[in-house]
Amino acid sequence: MSVAVRQWPRGLLVAVCTAVVVWLTIKAFQGGLTFLQVTFNGLTVAGLYFIAAAGFTLIFGLMRVVNMAHGSLYLFAGYIAFVAQTHWYAGGTSQFQLGASSTISVTGWIVPLLFATVVIGLFGLAIQQGLLRWNLGQDLRQALITIAVSVIIADQLVAHYGGVVQSIQAPTSWPGSITIGSFRYPFFRIVVVLGAAIAVGVLLYLLIRRTRFGMIIRAGVDDRPMLSALGVNVQLVFAGAFLLGAMLAGFAGVLGGTMISVGPGLDTQFLLDSLIVVIIGGMGSLPGAAIGAALLGLVQSYSDIYLHFGSTDLTPYGILAQFILVIAVLAFRPLGLFGRPA
Amino acid sequence: MTPLALIGWAVLAVVAIVLLLAPQIFTAYDLSQILTQALWLGIAAASLTFLYRYGGMVSLAQVAIYGIAGFAMGNVVHTINSEGGLNLGWTPWAGVAFGIAVAVIIAFLFGAIASRSYGIYFLMITLALSLLVFYFFGQVTTLSGFGGIRSVSRPGFIGDPITDPTPLYYICLGASVVVYALLRYVVRTPFGIALQGIRDDPPRMRSLGYNVPLHRTLAFTLGAFVASIAGILSVWFNTQISPGSIDISQTIAVLIIAVIGGLSRLEGAWIGAIFYTLLDYEARQHTPTLGLWLNPGRFATIIGLVFLVIVLLSPDGLIGIGHKLHMLGARRRLRPPTDASATAQSEQGLPETAGVSTASGSSSAGQGS
């Protein structure tokens, strides 16, 4: 094949990217505030995706376990926090009956958040110790096991919490939105979720780059048998990493339950989002998860709003943009943007 | 002929006779809800088993592909009360051809993208594509929307599957036999042999001059052709198709069927499907009630538990359990291990798909341009 023929997909990619950038620039000039709004929608959702996908990618990077139950852990955490908040702070008696008290203090949100995060972490640890530990290294079998677990959790969540969509209440003392100049944006999304995502990213980076635990994790990613031969208790490290990964899913679940909602089907949605993030970012890579989450969040948010061409409304086809994103990345980097061979 | 082989042929003959005479033996309900459903689910699962057994690919996109075939057909054929879809009024058989063609073309694209990834990466990519297809049909109301397409017309001779399930049963049976024969034939062709070589050692096959991604893509496309037949049959069976028929639980159901049947043999797909539909039927009637945890509505919990137990105990599924019992008996009789049992043992367990270690090679090939 001649060089010119081999290069044409790359040229196509550059052309598409340029067209998207030009299109968005035009939109940015046409309606500055709307554009800012849409951009922040994308970034805050990306923050949520990042927290969830960071747990997914951490578990995968170290243990080669694709945790198909990650979305289920996310949703389960949302329900735990919702029920805890309703019972302990809103004076509710049955699980869906909101009590007389409609004000939620800051503790009334933080305590359910921490409670759900810890419970989900321990639950994930139980899955790892009880079911996955015995199948070390058999990645396909472990994926099937977590699929079975996700089927059971999803069905039990429907059985216990029904099909009603709920949402966790943010503290009533927090402002609804913040205003900068003439730009108003929801406080919870921009301050809490985006702040939490940045904090999680920085803390994970420090944990992996600066601590002994992180050093062991990095060594384990590269050469597990050697790490074990050096006297490190690898099983303990795996348990710790799985606990942390599951806690991140739980943390994201409560944030998402407050920012969006808690309801059936969200487990699948977040499993898909986590999958796309790590597929395009590169599996096992933390910077990859951040870039992947930002790309996915922005693509979703722009394609929801800006696919109007004259009178033709293509927004229902917005999901094709996600297809194109996945396909474009995989066509050039089969292991994702930051992926590297195992 | 050894006595064992004789027993095998006798069992096969009995199964064949029972399947041929099934409309006379079973009630209309059993024929439709258990046998017919198991046959088309078996075809879908067989496409997955084929890809795994001979190509080393665990594809979770099979249900999405059969959904694409079903939706493509449902949109172009006449829908009786024009409920959903484009309702272009094509004849049913033109719809079948169109549905299969669309599914195969899209699957070729999916295959081209996924075929450079191996093992668990392949599984994740196909699952992501599958879920995207589900959300696509949910969102695009001109083609489907969450209500789906109802009362899709069928070829005349099928009639109404609810009042007379016999014609559809024979169609599903015939399609199953054809699919089985086709796949068994393909794996013996040079293409099929090369595919198995690629499953076992991609770098070696590449250095022998085989185009590894192309072979994997074509195998995926063949699997998609088989899956799209199942999609057409499922629309005729259900008389409708909606995103709910291709959601993640259906994706997992087909995976469960293939795993329960044992991923090592094609016929396992149909055995798994019979087991699945029977379990579904029985569970809805006989499940004890334990508060909210367990009751007749909790079929997903039950099938999830069964799946979990099978994956934990016997990665080879029901066939694997049968094989283990057989091996146990053979060992008691102190027979030296034959060639067949030796290969069967090496196939036990889900073999690690050879690819992960070679993914570096394929990526550098991908970036080489």
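Residues numbered from 1 in each chain as written. Chains lettered and ligands numbered in written order. Predicted model: local features only at pLDDT ≥ 70, side-chain atom pairs only at ≥ 80, totals over all residues. Heavy atoms only, no water.

Q: Provide a residue-level description of the packing of helix α3 (residues 62-76) of chain B against helix α4 (residues 92-114) of chain B, including the pertinent values.
A: Residues and elements named next belong to chain B. With their axes 8 Å apart at the nearest point, α3 and α4 run at an angle of 140 degrees to one another. Classified by the angle between their axes, α3 and α4 sit oblique to one another. Classified by chirality, the crossing of α4 by α3 is right-handed. Taking contact as the criterion, the partners of I65, I68, A69, A72, M73 and V76 in α3 are, on α4, G95, V96, F98, G99, V102, A103, I106 and A107. Tallied by class, residues from the contact of α3 with α4 come to twelve nonpolar, two polar and no charged. (Axes fitted to C-alpha atoms, helices over the stretch in contact; angles between N-to-C directions. Helix = DSSP H or I, 4+ residues; strand = E, 2+ residues; numbered from the N terminus. Parallel < 35°, antiparallel > 145°, perpendicular 65-115°, else oblique. Left-handed = near helix turned anticlockwise from the far one by under 90°. Contact = heavy atoms within 4.5 Å. Nonpolar A, V, L, I, M, F, W, Y, C, P; charged D, E, K, R; others polar.)

Q: Quick one: what's the story with the confidence of the model for chain A, residue by residue and with numbers?
A: Looking at chain A as a whole, the pLDDT averages 87, with 94% of positions reaching at least 70. The lowest-confidence element of chain A is strand β3 (residues 308-309) of chain A, averaging 75 in pLDDT; the highest-confidence one is helix α4 (residues 107-132) of chain A, averaging 94. (pLDDT = per-residue confidence, 0-100.)

Q: Describe the side chain of B:S32, listing the residues and the values that go with them.
A: Residue and element names in this part refer to chain B. Within the element layout of this structure, S32 appears in helix α2 (residues 28-55). With a relative accessible area of 11%, S32 lands in the buried category. What S32 contacts, discounting residues up to four positions off in sequence, is Q37, P165 and F237. (Buried < 20%, exposed > 50% of the residue type's maximum accessible area, 1.4 Å probe, protein only.)

Q: How would you summarise the packing of aromatic side chains if you had to cite specific residues and measurements?
A: Applying the stated criterion across every chain yields a total of 33 aromatic pairs over all chains. Centre to centre, the rings of A:F183 and A:Y185 are 5.8 Å apart; their planes meet at 20 degrees, and the pair counts as stacked. Pair check on accessibility: A:F183 and A:Y185 agree, each one buried. Counting every residue linked through ring pairs, the aromatic cluster contains A:W109, A:W174, A:F187 and A:F188. Stacked on the ring of A:W134, the Lys or Arg A:R133 has its end atom at 5.8 Å from the ring centre. For the cation-ring pair, B:R53 lies above B:Y54, with the distance from its terminal atom to the ring centre recorded as 5.0 Å. (Phe/Tyr/Trp six-rings, centres within 6.5 Å; stacked < 30°, edge-to-face > 60°. Lys NZ or Arg CZ within 6 Å of the ring centre and 35° of its normal.)

Q: Go over the interface of chain A and chain B with me, naming the residues and quoting the values.
A: Counting residues at the interface gives 53 residues for chain A, matched by 51 residues for chain B. The contact between chain A and chain B buries some 5,100 Å² in all, and 74% of this surface belongs to carbon and sulfur atoms. When the buried surface of chain A facing chain B is broken down by residue, A:L140, A:L144 and A:F323 rank first, second and third, together holding 13% of it. Inspection of the chain A/chain B interface yields one salt bridge. The salt bridge involving A:D155 is made with B:R298; its shortest N-O contact spans 3.0 Å. Where chain A meets chain B, there are eleven residue pairs in polar contact (both at pLDDT 80 or more). Only α1 (3-30), α2 (32-63), α5 (139-161), α10 (266-281) and α12 (319-332) of chain A provide two or more residues apiece to the side of chain A that touches chain B. Partitioned by chemical class, the residues of the side of chain A that touches chain B number 35 nonpolar, eleven polar and seven charged. (Buried area = accessible area lost by both parts, 1.4 Å probe. Salt bridge = Lys/Arg side-chain N within 4 Å of Asp/Glu carboxyl O. Polar contact = N/O pair within 3.5 Å; in protein donor to acceptor, adjacent residues only side chain to side chain.)

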